[in-house]
Each structure stands twice: as structure tokens, then as C-alpha cells.
Amino acid sequence: IEDAPDAKALAPFGREVRFEDVRFTYTGEVDIFTGVDFSASAGTVTALVGPTGTGKSTLMSLLLRLADTTGGRVLIDDVDVRSVTLDSLREQIAIATQENILFSDTVMENIRYAAPGASIDEVIAAAKVACADEFIDELPQGYHTPLGERATKLSTGQRQRLVIARAIIKNAPILILDEPTAALDAQTESRVLANLKAWGAERCVFLITHRLSTIRQADQVVYLRDGKVQALGKHDDLIAERGTYHAFVEAESGAFAAVSNAEGV
């Protein structure tokens, strides 16, 4: 992926991200998307859901231009992302992945890895949005505590909150969170999502998730299946329609119940 010869800097994000008849294939043989259409406005949280392998993360990679569409367009404020410089595009997007990659440095340096010049006050503010401040304050040296190799002294949920804080501190107008609360308990998840909605009042937030508790708090749900958007709207409204999304939720709920029973939860 390279800049177009006439690429220009992307203007500051203002209104919406739009996927317009987006088509994509990795190999030229199997289509991942055959025509994806939806938009996400500033100040909203959009949950991307669907069966495993439907391309939720791939769709976000097209927004980041880690790959380019083979048809249709990805637009930010009516500007095709292929027409702007990669640096200016990615400067306006922050992402937290489910891998929870941390380094053997201090908590502070791990959080401000995405914004090296951030002040301690900015680090603390980001940690508070991610509900990470409560356990950081209990560490031996607080924000100056070295995490050690792969941060093994922290729980998976604590590591996840640090990665969310790192994405937040970049202060980008577009935020992508890939399974952001998978390792959090229900109470912490609810607080993190409430904080994210308040923090993202003028931002565009995308959540890639399977957790129904996360989906319910989104402003809109984009249900992907078979290369297209099969359902679009609020969770409760889509459930009431008793269509493909309703069937998906019932299947996911049944799978979760089966796992919980097997584990004695």
C-alpha cells in the first residue's frame, strides 16, 4: 500500500465514516465482501458483529488502508481514503487489538507508547477512561512500576485495560477496538464502555465484538454475514424483527451458556 502520486493530507475528521458498496478479496477467487454499505457518524459507537470469519477485522483494515478495496469506496467525510496520505489517515485513527501487546517498560511508557510526548496528567486521564487507574495506583511504584517481560504479573483484564488506555491517549477522532472487553468482568466492562461513550462524544468508535453485553451498549449494530451487511440498527430493534440477527444472537447466547455450564460458571 502506497500513497497515490497526488495524495493530499486528510483534513481533520468531522462528520462520518462511510463504507460504500465495498468489495474485497485477498486472492481474487473468494470474495470476503460483495457489497458492504453503512455509515458511522461522529459521536456514535458502532458494534461490528457476525460469525467468525465474516471479515469484521478485515473491514477495519480497509479503513486503515492495511489493504485496499477491490471495489467500492471507504470514505471519511466524503473523501476516499485512497486519495490521502497514509500518515495523515492513520494519524486520525487509534486501534486496540485483542492481543494485549505490552513491553517490559513502566506502566507510563506502555500507555504513552502511542503518544510519546504525553504528560503524566494525560496518561492518568487515559487510564481513568479505561478503568486502569484503580489497579495502577495499587502497584508498588504506581505509574512508574516496570511491567517486566510480557507483563506477566498483571491479569489478562488488567493488560487489556492498559492497551485500551494506550489507544485512548492518542486522542484520535476515530477509535477501533477489537474485542476490547473480552477479558473484563461484567461490572468493569460496563464502566469502561460508559467511559468510552462519554470520551467519544465527538468521535467515531468501532467495536469488534461477540459479547452481547457490549453490543447492547452500542448506538448501532452492523451484522455482517456472507459478504454483506445483513442487519443494521439498534440491538433491541433488530431483535424485535426476529430475522437473521435475532437467530445469530440466540445461537451466540446458547454457545455462551453451554461453555459456562461446562466450566461451572
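Just above, that's the structure.
About the criteria used
Residues numbered from 1 in each chain as written. Predicted model: local features only at pLDDT ≥ 70, side-chain atom pairs only at ≥ 80, totals over all residues. Heavy atoms only, no water. Pairing = 2+ DSSP bridges. Helix = DSSP H or I, 4+ residues; strand = E, 2+ residues; numbered from the N terminus. Axes fitted to C-alpha atoms, helices over the stretch in contact; angles between N-to-C directions. Contact = heavy atoms within 4.5 Å. Phe/Tyr/Trp six-rings, centres within 6.5 Å; stacked < 30°, edge-to-face > 60°. Buried < 20%, exposed > 50% of the residue type's maximum accessible area, 1.4 Å probe, protein only. Salt bridge = Lys/Arg side-chain N within 4 Å of Asp/Glu carboxyl O. Parallel < 35°, antiparallel > 145°, perpendicular 65-115°, else oblique. Left-handed = near helix turned anticlockwise from the far one by under 90°. Nonpolar A, V, L, I, M, F, W, Y, C, P; charged D, E, K, R; others polar.

(A) Representation of the sheet that holds strand S8 (residues 204-208) in the model. If you trace the six strands from one edge of the open sheet to the other, you get S6-S7-S8-S3-S9-S10, paired in mixed fashion. Taken across any chain shown, the strands that pair with only one partner, and hence form the sheet edges, are strand S6 (93-96) and strand S10 (228-233). Going from strand to strand, the sheet's axes swing by 20 degrees on average, the running direction of each strand aside. Relative to strand S7 (residues 174-178), S6 runs parallel, the two being bridged by four bridges. Residue Ile 95 lies in a different strand from S7, and its bridge partner there is Ile 176.

(B) Quick peek at the environment of Tyr 113. The residue Tyr 113 is located in the loop between helix H3 (107-111) and helix H4 (120-129) in this model. Sequence separation between Tyr 113 and Leu 102 is eleven residues; the distance between their C-alpha atoms is 9.6 Å. Aside from chain neighbours lying at most four places away, what touches Tyr 113 is Phe 103 and Arg 166.

(C) Quick peek at the packing of aromatic side chains. Counting across every chain of the model gives six aromatic pairs. Ring geometry for Tyr 223 versus Tyr 245: centroids 5.8 Å apart, planes at 70 degrees, classification edge-to-face. On the criterion of sequence distance, the pair formed by Tyr 223 in strand S9 (residues 220-225) and Tyr 245 in helix H10 (residues 244-263) is long-range, its members being 22 residues apart. Accessibility classification places Tyr 223 together with Tyr 245 in one group, the buried group. Look at Tyr 245 and Phe 248: their rings are 6.4 Å apart centre to centre, the planes differ by 35 degrees, and that puts the pair in the tilted class. In this pair, Tyr 245 and Phe 248 are both assigned in helix H10, three residues apart and thus about one turn of the helix distant.

(D) Region of the structure containing helix H1 (residues 56-64). When you tally the buried positions in H1, you get eight out of nine residues, the bulk of the element. For H1, every residue scored as buried is listed here: Lys 56, Thr 58, Leu 59, Met 60, Ser 61, Leu 62, Leu 63 and Leu 64. Positive phi appears at Arg 65, one or two residues downstream of H1, with a value of about 60 degrees.

(E) Local environment of the pairing of strand S1 (residues 16-25). Here S1 lies mainly inside the structure; seven of its ten residues are buried. Both S1 and strand S2 (residues 31-41) contribute to a ladder of eight bridges, which runs antiparallel. Paired with Phe 24 across the strands is Phe 33, a residue of S2. Remark: five residues form the turn of the hairpin made by S1 and S2, two consecutive strands paired antiparallel; Gly 28 in that turn has positive phi of roughly 90 degrees.

(F) Spotlight on the pattern of salt bridges. Tallied over the entire structure, the rule returns 14 salt bridges. Residue Arg 23 is joined to Asp 21 by a salt bridge in which the shortest nitrogen-to-oxygen separation is 3.1 Å. Put simply, Arg 82 and Asp 80 hold a salt bridge, and the shortest N to O gap is 2.8 Å. What you see here is one network of salt bridges that share partners, running through Arg 15, Glu 16, Arg 18, Glu 20, Arg 73 and Asp 78.

(G) Structural context of the packing of H4 against helix H6 (residues 156-169). Two numbers describe how H4 lies on H6: the axes approach to 8 Å, and their chain directions differ by 125 degrees. Classified by the angle their axes make, H4 and H6 are oblique. Considering how the two elements wind past one another, H4 and H6 form a crossing that is right-handed. Of the residues in H6, those in contact with Glu 122, Val 123, Ala 126, Ala 127 and Val 129 of H4 are Ala 165, Ile 168 and Ile 169. Looking at the contact of H4 with H6 residue by residue, the classes come out as seven nonpolar, no polar and one charged.

(H) Structural context of the sheet that holds strand S5 (residues 79-80). Pairing within the open sheet is antiparallel, and its four strands lie in the order S2-S1-S4-S5. With one partner strand each, in any of the chains shown, S2 and S5 form the two edges of the open sheet. Most of the contacts of H1 go to S1, to which it runs at about 115 degrees, and overall it touches S1, S2 and strand S4 (71-76).

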